[in-house]
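Letter by letter, the chains look like this.
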Amino acid sequence: MKKGMNFEVDSPYQLAGDQPITIKELTDSVLNIFTFLENKYLGFKDQEINHKFRLWQYEHSAKQIQYILALTGILYIMIGISNLFLAPEYLKNILIPYQLLIIPSYLFLISYLAYKKIYIQIVEGLLISSPIIAASCHAYIFSQMDIYSTYQVEFYLMIFWIFTISGLRFIKAIIAALSVFSIGAIYPYISYANQYNEYFSHTIWMTTSLLFGLVGGFLLHQSKKDTFEKELELQKLVTIDSLTGLHNRVKLDSILAQELDRAKRYKHNVGVLVLDIDYFKNVNDMHGHLIGDEILIAIAKNIQENIRSSDYIFRWGGEEFIVICLEVNKTDITTFAEEIRSKVSQQEFAKVGYKTISIGATINNTEDTVKSILQRADEALYEAKENGRDKVRYK
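Values in this document were obtained by computation on a predicted structure and should not be read as measured data. (Residues numbered from 1 in each chain as written. Predicted model: local features only at pLDDT ≥ 70, side-chain atom pairs only at ≥ 80, totals over all residues. Heavy atoms only, no water.)

Student: Tell me what's going on with the environment of His138, and back it up with residues and numbers.
Tutor: Secondary-structure assignment places His138 in helix 4 (residues 120-143). Counting along the chain gives 39 residues from His138 to Gln99, while the straight-line C-alpha distance between them is 9.6 Å. Not counting chain neighbours up to four residues away, the residues in contact with His138 comprise Tyr76, Gln99, Glu154, Phe155 and Met158. There is a polar contact of 2.8 Å between the side chain of His138 and the side chain of Glu154. (Helix = DSSP H or I, 4+ residues; strand = E, 2+ residues; numbered from the N terminus. Contact = heavy atoms within 4.5 Å. Polar contact = N/O pair within 3.5 Å; in protein donor to acceptor, adjacent residues only side chain to side chain.)

What follows is the structure, given as structure tokens:
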């Protein structure tokens, strides 16, 4: 390295006329650029879905990462053991530390961390760097050889490994593969400057490996993306009410169980409202189910527009809806329920006129389950109906 150039990670360096930046900042900027390109050209328009897709990819590749990294580490050890007997004496002191210790230990560490979802970012970073470190080690080893070596094939295998079985997301695989390609293309140019035919052949094979890897990696990425989209559609069909677009009972059970668990852990309240459209059967009988559907959609929209962003709304079935309210007490939830009741009662419908709703309200206790809290809110709803409808009752 030329004198005067400082590339320590925490030390700033400065290009002419620019503000000092660190290697870490430069690396983050490059990763941000690749992430932008991934979102724009390889992901979805919705950033939230992009985030879910990235988590989905990691969750589905975690086992793959564990097993592939462990297997690759074992293979390196096996190669190292064979080189104890087969490698030239002058290379053994160079080969053995890398193949028996450094690279396998690094791969086993990543394999172990992949078991824990909390290490997702660490695993991705280490996984990108693992083939780069391996390529650097191999480049150094081969630079100590006197002639062009058939061991160069390991660079081609690395590129295929990165794109096809490593478990890296496609955009991260591109970063790793381009780094390996650069290392694999530069070092023989320096080491074998006079062996033009060998260098040309090596470069052709490196380029071919990269191109095939890119195509294979892209097709694999598209396959994963298609599978994820189908899972989203299936999840939507299972958890979304097709008429109102609200979450249905399947999602209700999941979210309510989750919020009750959080309430127990953090000692806060969860409120539940059960809302029922009064005399809704008369609408279907007198005006038909299409008009009834229109009223269901309109009332669902009215309720949705008048709840807080932190609340959840579900269609429980028929003409009944449920709202889950977080961080409320008895006064809060009954006042809130009255506001919703009032808003709906002021809504006029073509052909039908005005409709009212009855609401049962409750908040959780420490022993509540999904079934018990819903039952208590439903009993409060029954009391509201028994007392003339268009009312709110708390239990």
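Student: So what's going on with the packing of helix 5 (residues 153-164) against helix 7 (residues 196-239)? Which residues, and what values?
Tutor: Where helix 5 contacts helix 7, the two axes come as close as 8 Å, and the packing angle between them is 10°. In terms of axis orientation, helix 5 runs roughly parallel to helix 7. Of the residues in helix 7, those touching helix 5 at Phe155, Tyr156, Ile159, Phe160, Phe163 and Thr164 are His202, Trp205, Met206, Ser209, Leu210, Phe212, Gly213, Leu214, Gly217 and Leu220. Across the contact of helix 5 with helix 7, the residue classes tally to 11 nonpolar, five polar and no charged. (Axes fitted to C-alpha atoms, helices over the stretch in contact; angles between N-to-C directions. Parallel < 35°, antiparallel > 145°, perpendicular 65-115°, else oblique. Nonpolar A, V, L, I, M, F, W, Y, C, P; charged D, E, K, R; others polar.)

Student: Before we move on, can you summarise the sheet that holds strand 7 (residues 392-394) with the specific residues and values?
Tutor: With mixed pairing, the five strands of this open sheet are ordered in space as 2-3-1-6-7. Only two strands of the sheet have a single partner each, and these edge strands are strand 2 (312-317) and strand 7. The sheet shows a mean angle of 20° between the axes of neighbouring strands, direction not considered. On the sheet, helix 12 (residues 370-386) packs against strand 1 (270-277), strand 2, strand 3 (320-326), strand 6 (357-363) and strand 7 and is oriented at approximately 140° with respect to strand 6. (Pairing = 2+ DSSP bridges.)

Student: I'd like to hear about the packing of aromatic side chains, residue by residue, with values.
Tutor: The description of an aromatic ring pair rests on the distance of the ring centres and on the angle between the ring planes. Here the structure, examined in full by the defined rule, presents eight aromatic pairs. Ring centres 6.0 Å apart and planes at 25° place the aromatic pair Phe53 and Trp56 in the stacked group. Taken together, the residues Phe53 and Trp56, both in helix 2 (residues 47-86) and three residues apart, mark about one turn of the helix. Neither residue differs from the other here; Phe53 and Trp56 are each classed as buried. Ring plane angle 25° and centroid distance 6.4 Å describe the contact between Tyr312 and Phe314, whose orientation is recorded as stacked. Clustering of aromatic rings is evident, with ring pairs tying together Phe53, Trp56 and Phe228. A cation over an aromatic ring shows up here: Arg389 above the ring of Tyr279, its NZ or CZ 4.4 Å from the ring centre. (Phe/Tyr/Trp six-rings, centres within 6.5 Å; stacked < 30°, edge-to-face > 60°. Buried < 20%, exposed > 50% of the residue type's maximum accessible area, 1.4 Å probe, protein only. Lys NZ or Arg CZ within 6 Å of the ring centre and 35° of its normal.)

Student: Explain helix 4 to me, using residue names and the numbers behind them.
Tutor: Residue pairs spaced three or four apart in an α-helix point in one direction, given the helix's 3.6 residues per turn. In this model, helix 4 (24 residues) spans 35 Å end to end at C-alpha, consistent with the 34 Å of a helix rising 1.5 Å per residue. Of all the bends in helix 4, the greatest, near 25°, is centred on Ser129, and the proline Pro131 appears no more than four residues after it. (Expected span 1.5 Å × (residues − 1). Bend = angle between axes of the 7 residues up to and from the residue.)

Student: Describe the pattern of salt bridges, listing the residues and the values that go with them.
Tutor: Evaluated as defined, the whole model comprises 15 salt bridges. Asp368 is paired through a salt bridge with Arg376; the nearest N and O atoms lie 2.6 Å apart. The pair Asp368 / Arg376 is uniform in exposure class, with both members buried. Linking Lys395 and Glu379 is a salt bridge whose minimum nitrogen-to-oxygen distance equals 2.5 Å. With Lys395 in the segment after strand 7 and Glu379 in helix 12, the pair connects residues that are 16 residues apart, well separated along the chain. Here the residues in one salt-bridge network are Glu124, Arg169 and Lys172, joined through shared partners. (Salt bridge = Lys/Arg side-chain N within 4 Å of Asp/Glu carboxyl O.)

By themselves, these observations are geometric and do not establish any function.
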